[in-house]
Amino acid sequence: MLCHVAICTPPFTTLTYATPEGFPGFDWKPGLRVAVPLGNGAIRVGVVTDVFPDGDERALAGASAGQHTAGKAESIKIRPITWPLELTPLLPQDYMDTVEQLAARQYSSTGRILGNLLPQGLRITARIRVRQYLPDLDGKGRKPRLFALRDIPTMPDEERLVLASDYLEGRAELLMLAEDAADGELCVLTCEPPWPVRPNAVKQRELLDWLLQHGTVSRRRLREALPDSSATLTALVKAKLIELRPASTETDETEPGEELLPPPDAPFLLSADQNAALDGFRLTMDRLAAGETCPFAHLLFGITGSGKTAVYLELAHTCFLRGRSALILAPEVAIALKLRRDAEQRFPGIPIFFYHGYQSQPQRERTFRRLAERREPCLIIGTRSALFLPMPPLGAVVLDEEHDGSFKQEDHIPYQAKEVAWERARRHRALLVLGSATPDIKTFHAAEQGAFPLACLTHRVGGGTLPEIELVDIKDQPSSRLLSARAVEALRETVQRGEQAVVMLNRRGYAPLMYCLDCGTVARCPNCDIALTYHKRREQLVCHYCGHARPYPSPCSKCGNLNFLAMGEGTERLEESLAGEELAGALPPGGRILRLDRDSTSRPGRMEEILAAFARQEAQVLVGTQMLSKGHHFPNVTLALIADGDMGLNMPDYRSAERTFQLLVQSAGRAGRGEKPGRVLIQTRDIKHYCWDFVKSGDYQGFYEYELALRRQRRYPPFVKLALIRLSFPWDWNEGQSRVNQFSAALRQHGRPLGLMVLGPAPAPLSRIQGRSRFQCLVKAADWQSIRKAYAAALHDCGPLSRDLRITLDLDPVNML
């Protein structure tokens, strides 16, 4: 028997292997993980994708070029699989079908997709051993023998056949060796900058800065990134600035205890709108269960605070009662944590699995295996990566805040979570619910065109009303001052009444620009040619794209002087000014200002600590980036202030107005969620922009119709299919520009007869990142297949790509930078 095997590590190719001797009657199926030889004695993990009879010519069609010599099947020597890594396939057929579909859509290999989706422990062989128990011949008990996978191909045939027989009959098993101590210990920051170390402790500061940038990592990874750091780490652990924690505990190190989560919402009866939405969902589930053909996706369009979460949980409970599982995805870990806690309290006893990309590798692998083996219904809650878990039969898939950009993966393998969720729901004949207060325009347009039903929640639960929204014109305000007098006055009034406020500024750090007063140069990143952001507490200038950092103060790279002016404001500076002169005398004794951004939440559990402290009203004002806009429920917040509403309006992206509308309406929704009425102040320098009229009234329908007319006129989605092809090369590579032009010319040539409009190549808005020059081609077409066809033909015409040139296809791009 012959198998196609997708290799899960580089080169991510698909090769043809023969099934090994000694496994009579073994069921070789797609989804089975196997160890296979890959030349030079290397053994790699692969996944069986197809199985063929011996001599079947179709088996050879899947082999990579160069694996075999030309000729018929019977004349070709095909190496056998080394060893099956489980007795039954870990990955079910629907999972493999989804992987194949994603590979075809992204013009990628199955191995590359699997290599990016499977937890690390399921795609490496380094620690796997085969343990064989020898017969008890002397009455002293069965003695085990250990074999590394790489030893099996060189074993005598007779010995290998006995080992295979023992494996099938339970006298041999796969064993994962204990982790290296460096792999099994995590380095966790226990403090925040400014670091309490001596000014000349350069290595300690370097290590602390690295952990702040990269988060919790294993001791091995830290050692690889910072060689000779063992003594420094020991000193910092002794000083209790870093804590070493085991990586394999059942309670993951990034998940807080219940005491750190905000208090749960009070229970309430579902409204008429909520029950009507659930009735529609259940009807669709009934029709799907009966085998009918019907739209299986629904859009739940509900204003902020209208109780969408309660609908999701009731739907999950319905699935469980019908013997089906449910998957609920949130855009961020904090929201997913709250969903899990709400589900546990509302429906105690229902098995819940929690999964997100910040969990440790052992925790993710453990959850993956448990779900692969599970057949009983359960509830799975997580972020985007939870989409790729093997699951029992699903009854419903829910994407909360479906418009959110975090549901789009851009690194490694670009994919849109909504499309993967649609594919998984289709294969399970499950309901797909897309929920949002500000749906993606493409999603709402599809619902309006009848592609799937629309359910609306038009009232806030508990009788709350939407806040009043006021625009504050700051066009003539001095650039040295971010908050207007009107905004400061509103903050002071709110705090003095004993109420709370949130202030959003989508720009972290202390100052986005550091200007040299002597030569007029802005401090820039040497790798990205982007302005460095000043972080006062870290005492560093930092690049937010590649992580490059340098101490501050440090000499100007052009004139060598130290005379800098901090220009603009980030969340760190805003926090400082509010805690100082802006709210002086208004804060009660012991009053606090908290900050929620990527810098303040880098320590595990810190995000939950901040949110919980604010929910307990231990602070009066919460300053933060767009992390503030999503899902948080604080009944005592009566004022939401958006410090710079124009920030996203002028981005080089056709969706800049849509994103701004969504962000501001979601941010405004944080105010007035309790019994007290709320208000929202939005500062803007362009008070006449069309977006503001719709934001002020919370008029999604009006904004949608206005924006749709613009997109129809300018040929943007949903009226065309849009793809972004990204090309990059080392900035000092002389051939780079000519190779980019060669590919673009080929793309235009093949795209013309297919009706493609190809724009570019043009320098990307961020034209250099991490030392690489970046270019883009924007492609418009009537269908996805035409884009993929032209892209594949252009790659073929350009021949083998140089390692220096990277080309990626992003269908339906979210980030145009």
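In what follows, the accompanying structure is described. (Residues numbered from 1 in each chain as written. Predicted model: local features only at pLDDT ≥ 70, side-chain atom pairs only at ≥ 80, totals over all residues. Heavy atoms only, no water.)

Side note on the sheet that holds strand β33 (residues 757–769)
Right, so step 1: One open sheet accounts for four strands, arranged β33-β34-β32-β35; its pairing is antiparallel. Pairing within the sheet leaves two strands with one partner each, and these edge strands are β33 and β35 (806–811). Direction aside, the axes of adjacent strands within the sheet are offset by 20° on average.
Right, so step 2: Sheet topology note: the strand β32 (residues 721–730)/strand β34 (residues 772–781) ladder contains ten bridges and is antiparallel. Looking at β34, one finds that L724 is bridged to L778. (Pairing = 2+ DSSP bridges. Helix = DSSP H or I, 4+ residues; strand = E, 2+ residues; numbered from the N terminus. Axes fitted to C-alpha atoms, helices over the stretch in contact; angles between N-to-C directions.)

Here we look at helix α12 (residues 361–373)
Right, so step 1: In this model α12 runs 18 Å from its N-terminal to its C-terminal C-alpha over 13 residues, within 8% of the 18 Å that 1.5 Å per residue would give.
Right, so step 2: Three or more residues of α12 are buried, namely P362, Q363, R364, E365, T367, F368, L371 and A372.
Right, so step 3: Those residues of α12 that are buried are in contact with α2 (93–105), β14 (352–355) and β15 (379–382). (Expected span 1.5 Å × (residues − 1). Buried < 20%, exposed > 50% of the residue type's maximum accessible area, 1.4 Å probe, protein only. Contact = heavy atoms within 4.5 Å.)

Considerations on the environment of M647
Right, so step 1: Within the element layout of this structure, M647 appears in the loop between β30 (637–642) and α18 (656–668).
Right, so step 2: The partly exposed category is assigned to M647, whose relative accessible area is 25%.
Right, so step 3: Separated by 13 residues in sequence, M647 and T660 have C-alpha atoms that sit 8.2 Å apart.
Right, so step 4: Those residues in contact with M647 that lie beyond four places of it in its chain are L505, N506 and R507.

So, the packing of α18 against helix α19 (residues 690–697)
Right, so step 1: Where α18 contacts α19, the two axes come as close as 10 Å, and the packing angle between them is 25°. Taken together, α18 and α19 sit at an angle that is classed as roughly parallel. The two elements α18 and α19 cross, and the hand of that crossing is right-handed. Across from A657, T660, F661 and L664 in α18, the residues of α19 making contact are Y690, C691, W692, F694 and V695.
Right, so step 2: Across the contact of α18 with α19, the residue classes tally to eight nonpolar, one polar and no charged. (Parallel < 35°, antiparallel > 145°, perpendicular 65-115°, else oblique. Left-handed = near helix turned anticlockwise from the far one by under 90°. Nonpolar A, V, L, I, M, F, W, Y, C, P; charged D, E, K, R; others polar.)

Digging into the sheet that holds β30
Right, so step 1: Within the open sheet, the six strands sit side by side as β21-β31-β30-β22-β29-β28. Their pairing is parallel. Sheet topology places β21 (468–473) and β28 (593–596) at the edges, where each strand pairs with a single neighbour. For this sheet, the mean angle separating the axes of adjacent strands, direction not counted, is 20°.
Right, so step 2: Examined bridge by bridge, strand β22 (residues 500–504) and β30 share five bridges and lie parallel to one another.

A few points about a nonpolar patch on the surface
Right, so step 1: A cluster of nonpolar side chains, namely L513, L517, L565 and M567, defines an oily patch on the protein surface of about 310 Å² accessible area.
Right, so step 2: Secondary-structure assignment places L513 in strand β23 (residues 513–516).
Right, so step 3: Taking relative accessible area as the criterion, L513 reaches 31% and is therefore assigned partly exposed. (Patch = residues over 30% accessible without salt bridge, like charges linked within 9 Å, V, L, I, M, F, W, Y side chains within 5 Å. Areas by Shrake-Rupley, 256 points an atom, 1.4 Å probe, with all protein chains shown as cover. Salt bridge = Lys/Arg side-chain N within 4 Å of Asp/Glu carboxyl O.)

What about the pattern of salt bridges?
Right, so step 1: If you walk through the whole model with that rule in mind, you get 48 salt bridges.
Right, so step 2: Across the pair E419 and R105 runs a salt bridge, and its minimum N-O distance is 2.7 Å. Within this pair, whereas E419 is found in helix α13 (residues 417–428), its partner R105 is found in helix α2, the two being separated by 314 residues in sequence.
Right, so step 3: Where D597 meets R595, a salt bridge forms, and the shortest distance between an N and an O atom there is 3.0 Å. Here the two residues D597 and R595 agree in accessibility, since each one is buried.

Topic: the packing of helix α10 (residues 308–321) against helix α11 (residues 333–346)
Axis angle and axis distance: for two packed helices, these are the angle between their axes and the distance between the axes, and together they describe the pair.
Right, so step 1: Where α10 meets α11, the closest approach of the two axes is 11 Å, and the angle between their N-to-C directions is 55°. With respect to α11, the axis of α10 lies oblique. Helix-helix and strand crossings are classified by hand; for α10 and α11 the assignment is right-handed. Seen from α10, the contacting residues are T309, L313 and E314; seen from α11, they are L339, D342, A343 and R346.
Right, so step 2: The class makeup of the residues in the contact of α10 with α11 is three nonpolar, one polar and three charged.

Topic: the packing of aromatic side chains
Right, so step 1: In total, this model carries 27 aromatic pairs according to the counting rule given.
Right, so step 2: Aromatic pair F296 and W422: ring centres 5.1 Å apart, planes at 40°, arrangement tilted. Taken as a pair, F296 in the loop between α9 (272–289) and β12 (297–302) and W422 in helix α13 lie far apart in primary sequence, 126 residues in all.
Right, so step 3: On the accessibility criterion, F296 (12% relative accessible area) is buried.
Right, so step 4: W422 gets classed as partly exposed once you look at its relative accessible area, which sits at 39%.
Right, so step 5: Considering the side-chain rings of Y700 and Y704, the 6.3 Å spacing of their centres and the 15° angle between planes classify their relative orientation as stacked. Here Y700 pairs with Y704, and both are found in helix α20 (residues 700–714), just four residues apart, close to one helical turn.
Right, so step 6: The class of Y704 is buried, set by a relative accessible area of 1%.
Right, so step 7: Through successive ring pairs, a cluster of aromatic residues spans F301, F444, F661, Y690, F694, Y700, F703, Y704 and Y706. (Phe/Tyr/Trp six-rings, centres within 6.5 Å; stacked < 30°, edge-to-face > 60°.)

A look at the side chain of T9
Right, so step 1: Mapped onto the elements of the fold, T9 is located in the loop between β1 (2–7) and β2 (14–18).
Right, so step 2: When near neighbours in sequence (up to four residues on either side) are disregarded, T9 contacts R44 and R123.

Overview of unusual backbone geometry
Right, so step 1: With an omega of 15°, the peptide bond between P10 and P11 qualifies as cis.
Right, so step 2: Cis rather than trans, the peptide bond between P193 and P194 has omega equal to 5°.
Right, so step 3: On the secondary structure map, P194 appears in the loop between β9 (185–189) and α6 (202–214).
Right, so step 4: Positive phi is not limited to glycine here, since D228 has a value of about 60°.
Right, so step 5: The topology assignment puts D228 in the loop between α7 (219–225) and α8 (230–238).
Right, so step 6: Unusually for a residue other than glycine, K240 sits at a positive phi of about 65°.
Right, so step 7: Here K240 is to be found in the loop between α8 and β11 (242–246).

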